[in-house]
Amino acid sequence: MLAAILISAAAMTAIVALRYVAASGIFALITGRVRPGYHARLGPQIRREIGWSFASAAIYGIPAGIVAWGWQEHGWTQIYTGWSDYPLWYLPVSLFVYLFLHDTWFYWTHRLMHRPRWFTLAHGVHHASRPPTAWAAMSFHPIEALTGAIVVPLLVFLVPINVAVLGLVLLTMTVMGVTNHMGWEMFPRALVHSRLGGWLITASHHQLHHEKYRCNYGLYFRFWDRLCGTDRGLSPNA
Ligand SMILES: [Zn+2]
Ligand SMILES: [Zn+2]
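Residues numbered from 1 in each chain as written. Chains lettered and ligands numbered in written order. Predicted model: local features only at pLDDT ≥ 70, side-chain atom pairs only at ≥ 80, totals over all residues.

1. Thoughts on the UniProt feature "transmembrane region" (unreviewed entry) in the protein chain
Within this numbering scheme, the UniProt entry marks residues 6-30, 50-69, 89-108 and 145-178 as carrying the feature "transmembrane region" (unreviewed entry). Helix makes up 95% of residues 89-108 and strand makes up 0%, while its end C-alpha atoms are separated by 29 Å. A distance of 15 Å separates the end C-alpha atoms of residues 145-178, which is 85% helix and 6% strand. (UniProt positions renumbered as here; feature names shortened; annotations may be inferred. Helix = DSSP H or I, 4+ residues; strand = E, 2+ residues; numbered from the N terminus.)

Structure (structure tokens):
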């Protein structure tokens, strides 16, 4: 049994690491085309970003691997595979619920991480990227990585989700984590500056967090930032 758990944890770590290399690699490549020279002189910083990110991959992979094993072997979790196990309207609702709960957890832990003690101890690693690049998506101190790694493995015990929607949650998490750090806005101005855009976090919102530190703490939505008065709008540099 222990061997099976270890194999599952190792496999999940490898998947998270490969997912990171693929997603960050693709967007770093595109950044080289869209913003030539953006990465110039950032070589040593990018190597550090990759190092911290690989450590984070293990921290994300181990709980995910244990939960995946329990799901397969013992039917743990509320992950379901049949399309009609719950009403169809529940599919988009569950996607939104996962993203909103993850965003809520991230906002409040992120604000805590900006307290001087926690910043020195952990979050300073993420902000050592100036400016961040696509490789900074998982560049976190292990303590901070742990706070992020437990969210989805805990949620799958609490909130029912179709396995395909869970895949969509993880895809959103990966793509937004990478693109919000690459230093330029990939979404059209018409969306970013629309009423809907006023509630969504994309690169130009998170870029300002990396420029000013004490604002724009959210992950996917601007709900908490706007409610708590920490939203300072968009960076003109992204
Ligand atoms: Zn960041
Ligand atoms: Zn921060």
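2. A look at the UniProt feature "domain: Fatty acid hydroxylase" (unreviewed entry) in the protein chain
In this numbering, the UniProt entry assigns the feature "domain: Fatty acid hydroxylase" (unreviewed entry) to residues 96-230. Along residues 96-230 the backbone is 61% helical and 1% strand, and the end-to-end C-alpha distance reaches 22 Å.

3. Examining helix 3 (residues 90-113)
The periodicity of an α-helix, 3.6 residues per turn, causes residues three or four positions apart to be oriented the same way. Between its first and last C-alpha, helix 3 extends 34 Å over 24 residues, near the 34 Å set by a 1.5 Å rise per residue. Taken residue by residue, helix 3 has Ser94, Tyr98, His102, Tyr107, His110 and Met113 as its buried positions. Close packing links the buried residues of helix 3 with helix 4 (116-127), helix 5 (142-149), helix 6 (151-158), strand 2 (161-162), helix 7 (163-179) and helix 10 (223-227). (Expected span 1.5 Å × (residues − 1). Buried ≥ 20, exposed ≤ 12 C-beta atoms within 10 Å, placed from the backbone. Contact = placed C-beta atoms within 7 Å.)

4. Considerations on helix 4
With 12 residues, helix 4 extends only 13 Å from end C-alpha to end C-alpha; this falls clearly short of the ideal 16 Å at 1.5 Å per step. The complete set of buried residues in helix 4 reads His123, Val125 and His126. Down the axis of helix 4, the buried side of the element spans an arc of 130 degrees, and every buried residue falls inside it. Exposed and oriented more than 90 degrees from the buried face of helix 4 are Pro116 and Thr120. The inward-facing, buried residues of helix 4 abut helix 2 (43-74), helix 3 and helix 5. (Arc of directions from axis to C-beta.)

5. Details of the nonpolar core
Buried together is how nonpolar side chains tend to be arranged in soluble globular proteins. Tyr60, Ala134 and Ala137 are the most contacted members of the largest nonpolar core, which totals 35 residues. For this core, the secondary structure elements donating two or more residues are helix 1 (2-34), helix 2, helix 5, helix 6 and helix 7. For this core, the element with the highest residue contribution is helix 2, accounting for 9 residues. Filtering out sequence-adjacent residues up to four positions away, alanine 134 remains in contact with Ser24, Phe27, Ala28, Thr31, Val178, His181 and Met182. (Core = buried A, V, L, I, M, F, W, Y, C linked by C-beta atoms within 7 Å.)

6. Section: the packing of helix 2 against helix 5
One can describe the packing of helix 2 onto helix 5 by two numbers: an axis separation of 9 Å at closest approach and a directional angle of 35 degrees. Considering only the axes of helix 2 and helix 5, their crossing is right-handed. Contact residues: helix 2 offers Ala55, Ser56, Ile59, Tyr60 and Pro63, while helix 5 offers Pro142, Ala145, Leu146 and Ala149. Residues that form the contact of helix 2 with helix 5 fall into these classes: 8 nonpolar, 1 polar and no charged. (Axes fitted to C-alpha atoms, helices over the stretch in contact; angles between N-to-C directions. Left-handed = near helix turned anticlockwise from the far one by under 90°. Nonpolar A, V, L, I, M, F, W, Y, C, P; charged D, E, K, R; others polar.)

7. Structural notes on the packing of helix 1 against helix 7
Here helix 1 crosses helix 7 at 45 degrees, and the two axes come no closer than 10 Å. Judged on the interaxial angle alone, helix 7 and helix 1 are oblique. Where helix 1 crosses over helix 7, the handedness of that crossing is right-handed. Here Arg19, Ala23, Ser24 and Phe27 of helix 1 come into contact with helix 7, specifically with Thr174, Val175, Val178 and Thr179. Its residues assigned to classes, the contact of helix 1 with helix 7 shows 4 nonpolar, 3 polar and 1 charged. (Parallel < 35°, antiparallel > 145°, perpendicular 65-115°, else oblique.)

8. Quick look at unusual backbone geometry
In this structure, the amide linkage connecting arginine 130 to the following residue, proline 131, adopts the cis form with an omega of -5 degrees. Mapped onto the fold, proline 131 is located in the loop between helix 4 and helix 5. A positive phi angle, close to 70 degrees, is found at arginine 41, a residue other than glycine. Within the fold, arginine 41 resides in the loop between helix 1 and helix 2. Residues other than glycine seldom take positive phi values, yet tyrosine 213 does so here, at roughly 70 degrees.

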